[in-house]
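# Coordinate inspection notes
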Amino acid sequence: MKYMKIGTKPDTFHTEQATRTVISDVPSDLLIQINNISYLLHKLQFPLVPKCGLLQRLCCDSGDLEKVSIELHDIPGGEESFELCAKFCYGIKINLSAYNFVPAFCAAKFLGMTESVDKGNFVPKLEAFLNSCILEGWKDSIVTLETTVKLPDWSENLGIIRKCIDSIVEKILTPPPKVTWSYTYTRPGYSKKHHHSVPKDWWTEDISDLDIDLFRCIITAVRSTYMLPPQLIGEALHVYACRWLPDTTNIRAPPPDQSSDDETLLMEKNRRIVDTIASMIPGDKGSVSVGFLLRLLIIANYLGGVSPRQRQNS
């Protein structure tokens, strides 16, 4: 996993009840409210406002007030992503990775932290990290794509989802002998110490961590290239089903009519997974086993129905 460290100063943010403040001899003249958290910060004494185009405009709209109050309840990622941006402005050390890149990037774009506002700003640094580190890595691209589910619209509009999918698909289509990055492969009886060659389905376990809609996008993109055999696509579907769907050996009877909210949500999620997987099964003979089709049918019946598309594929 790749990391980027920015800033050198120690973290001087501290909390008093629901208020976050930066320890400083300079009194605060900027109040920013995000959800239930209030930030007491500074307009010009520190480069917070000079680096944020949005805050510049909002402060100008407030006139010559000594203390300005701004509400940013709709900032993507909430107070956590805002604090990353604020710490960047104050020169406080922050650690960026695939896990927090998406909220940081979306918040920085929301705040207008671009190169045109201030040289060496947050957005261009994040873009460089995305292009030179995250997209170059296999697991970094998957983790970043996985985190977009919390900010789907922002991630889509900023091109993060498409860039991650393109990076992942490009690596999936790489000939196994040229695969040099780390991947997850836990098949029974397989040991990397005893196998010097990379298995053809090396990529299937890592992408099974993704949300079903993102998984579908990747499989669809891979299939559109016609570069991989249908049996390999079928194996990816099988791995995903094993990762998320219940084991048929534990299914004894239909679920009770009265289910908790959590059980209902889980059943709805599993129905969507079954339907999506069934719709992606290649039409080629032998792409998946009869046993796998039977398992999907058993699970679908247990969950309370099969869609017309699934019946056709089964």
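Residues numbered from 1 in each chain as written. Predicted model: local features only at pLDDT ≥ 70, side-chain atom pairs only at ≥ 80, totals over all residues. Heavy atoms only, no water.

A few words now on the pairing of strand β3 (residues 19–22). Here strand β2 (residues 13–16) runs beside β3; their pairing, made up of four bridges, is antiparallel. Note on β3: the bridge partner recorded for E16 is T19. Looking at chain direction, β3 and strand β5 (residues 37–41) are connected through three bridges and run parallel. Across the sheet, residue R20 finds its bridge partner in β5, namely Y39. (Pairing = 2+ DSSP bridges. Helix = DSSP H or I, 4+ residues; strand = E, 2+ residues; numbered from the N terminus.)

A cluster of nonpolar side chains, namely M1, Y3 and Y99, defines an oily patch on the protein surface of about 370 Å² accessible area. Summarising the element assignment, Y99 is placed in the loop between β7 (94–96) and α4 (101–111). (Patch = residues over 30% accessible without salt bridge, like charges linked within 9 Å, V, L, I, M, F, W, Y side chains within 5 Å. Areas by Shrake-Rupley, 256 points an atom, 1.4 Å probe, with all protein chains shown as cover. Salt bridge = Lys/Arg side-chain N within 4 Å of Asp/Glu carboxyl O.)

This part takes up the pattern of salt bridges. Applying the stated criterion to the full structure yields 11 salt bridges. Salt-bridge contacts for R272 lead to D213; the nearest nitrogen and oxygen are separated by 3.1 Å. Of this pair, R272 sits in helix α12 (residues 261–280) while D213 sits in helix α10 (residues 212–225); the two residues are 59 residues apart in sequence, bridging distant segments of the chain. Beyond isolated ion pairs, a larger network of salt bridges with shared partners links D11, R20, E83 and K87.

In this section: the sheet that holds β5. What the five strands build is an open sheet, ordered β2-β3-β5-β4-β6; its pairing is mixed. Looking at the sheet topology across the chains shown, the edges are occupied by β2 and β6 (68–71). Strand-to-strand twist of the sheet, defined as the mean angle between neighbouring strand axes without regard to direction, takes the value 25°. The pairing of strand β4 (residues 30–34) with β6 spans four bridges and is classified as parallel. By the bridge assignment, Q33 is partnered in β6 with E71. (Axes fitted to C-alpha atoms, helices over the stretch in contact; angles between N-to-C directions.)

Turning our eyes to something else, we now look at the pairing of β4. β4 sits mainly inside the fold: four of its five residues count as buried. Relative to β5, β4 is paired through five bridges, and the arrangement is antiparallel. Across the sheet, the residue bridging to Q33 is S38, located in β5. Here β4 folds back onto β5 in antiparallel fashion, the turn holding two residues, of which N35 has a positive phi close to 55°. (Buried < 20%, exposed > 50% of the residue type's maximum accessible area, 1.4 Å probe, protein only.)

Of all residues in the protein chain, 92% have pLDDT values of 70 or greater, and the mean over the chain is 91. Overall, residues 306–314 carries pLDDT values under 50, and its contacts beyond four positions in sequence, including any with other chains, amount to 15 contacts. (pLDDT = per-residue confidence, 0-100. Contact = heavy atoms within 4.5 Å.)

Next up on the list: the side chain of S167. Secondary-structure assignment places S167 in helix α8 (residues 160–172). Excluding anything up to four places from it in sequence, S167 contacts L135, G137 and S141.

The terminal C-alpha atoms of α8 lie 18 Å apart, and with 13 residues this matches the ideal 18 Å at 1.5 Å per residue to within 8%. Looking at α8, one finds that the buried residues are I160, I161, C164, I165, S167, I168, V169, K171 and I172. (Expected span 1.5 Å × (residues − 1).)

In this structure the tally under the stated criterion is 13 aromatic pairs. Aromatic side chains F13 and Y39 sit 6.5 Å apart centroid to centroid with 70° between the ring planes, which places their arrangement in the edge-to-face category. Linking F13 in strand β2 with Y39 in strand β5, this pair joins segments that are 26 residues apart in sequence. Centroid distance F46 to Y90: 5.0 Å. Interplanar angle 35°. Geometry classified as tilted. Of this pair, F46 sits in the loop between β5 and α1 (48–51) while Y90 sits in helix α3 (residues 78–90), placing them 44 residues apart in sequence. Residue classification places Y90 among the buried residues on the basis of a relative accessible area of 5%. (Phe/Tyr/Trp six-rings, centres within 6.5 Å; stacked < 30°, edge-to-face > 60°.)

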